[in-house]
Amino acid sequence: MDALGIDSVLVDEFWARHPSGHPDFFEPGRRLPGGAWRSAFPTAETAALLHEDRFATVVRVDPDDDGLSWLVPALAAEPHVKALRVLPTWSEGAARAFAEGSCDRLFGLAADVGLPVFVYTPGRTALLRGYLRRFPALTVVIDHCGMPQPGLPVPSPSAEPGDGRTHPFDAVLSLAEHGNVALKWSHEQVVFGSEQYPFLGTRPHLRRALDAFGAERIMWAGDHTALPGMRWSEVLHAVRDNPELGAAERDAVLGGTAERILRWTPGAGAADGVDPA
């Protein structure tokens, strides 16, 4: 982190998929009697306790957890927990349930306690629109550009629902009309098919995102551990050294937006802000 000039990191702790075969059960954690999965984050929590100015965590939450009414406020009370994360469309059944409001309870509780929610709905961001309308006080962060990704447990559609001719990123950008949604700029190299540094093919898409959301609603994330063959330095410098960005845009994308949305002002360190990895 020091060598790259990264001030602080928001950690989504993920070791491996649980052997149950469920597409959304990830270690560390445990299966509850009712069948839901409750995540744990021991490494991220330890890092945050030892270096509270440099580490915090986002916690994956199962919308089917029967304990949400106490769990969400309890997480919000922990100073190192800055956001929640949900992956609600990793099976066809879950995607249908999400379209019908399966996350209403979770999103309502998160709005009540002021925790933003990172939502990973690859290729299906149109399903977020109803939630954005129903929960205007909730800040939703679209994970990984909202785009379809190869190799997911359930194949994502090549485009959002519609006539099949529009680019899936068009549907993501259309959500910018809702003021309570932000975009996490990550995995752009994979989803836009530009995997050689400096990933020039991603730049037009970033400009479109900036024009739609504004820099104040876009946050960069490294997630280099999930990008085989790509160095953390390359993922960072592709944005930091992008000559098409203005200074204010660069400052917002590389930390300012994350600090504001997460309500986290890191301590001493380098000047490039937070990596919501």
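Numbering of residues starts from 1 in each chain and follows the order in which that chain's sequence is written. For a predicted model such as this one, the threshold for reporting local features is a pLDDT of at least 70, and the threshold for listing and counting side-chain atom pairs is 80 or more; totals across whole chains, interfaces and linings nevertheless cover every residue. The side-chain figures draw on all heavy atoms in the structure; neither hydrogens nor water molecules are used.

Across the chain, the bulk of peptide bonds are trans and the bulk of non-glycine residues have phi less than zero. Cis rather than trans, the peptide bond between Glu27 and Pro28 has omega equal to 0°. Along the chain, Pro28 falls in the loop between strand 3 (26-27) and strand 4 (29-31). In this structure, the amide linkage connecting Tyr197 to the following residue, Pro198, adopts the cis form with an omega of 10°. Tracing the chain through its elements places Pro198 in the loop between helix 7 (188-191) and helix 8 (203-213). Of note, His144 is a non-glycine position whose phi angle comes to about 50°, a positive value. Considering the arrangement of structural elements, one finds His144 in the loop between strand 9 (140-142) and helix 6 (168-174). One non-glycine residue, His187, lies in positive phi territory at about 60°. Here a strand is any run of E in DSSP of at least two residues, a helix any run of H or I of at least four, and the numbering for each starts at the N terminus. As for its placement among the helices and strands, His187 is situated in the loop between strand 10 (181-185) and helix 7.

Two strands make a pair as long as DSSP finds a minimum of two bridges between them. If you trace the eight strands from one edge of the open sheet to the other, you get 11-10-9-8-7-6-1-12, paired in parallel fashion. Of all the strands in the sheet, the pair left with one neighbour each is strand 11 (218-220) and strand 12 (274-275). Sheet topology places strand 9 next to strand 10; three bridges connect them, and they run parallel. Bridge assignment links Val140 to a residue of strand 10, and that residue is Val181.

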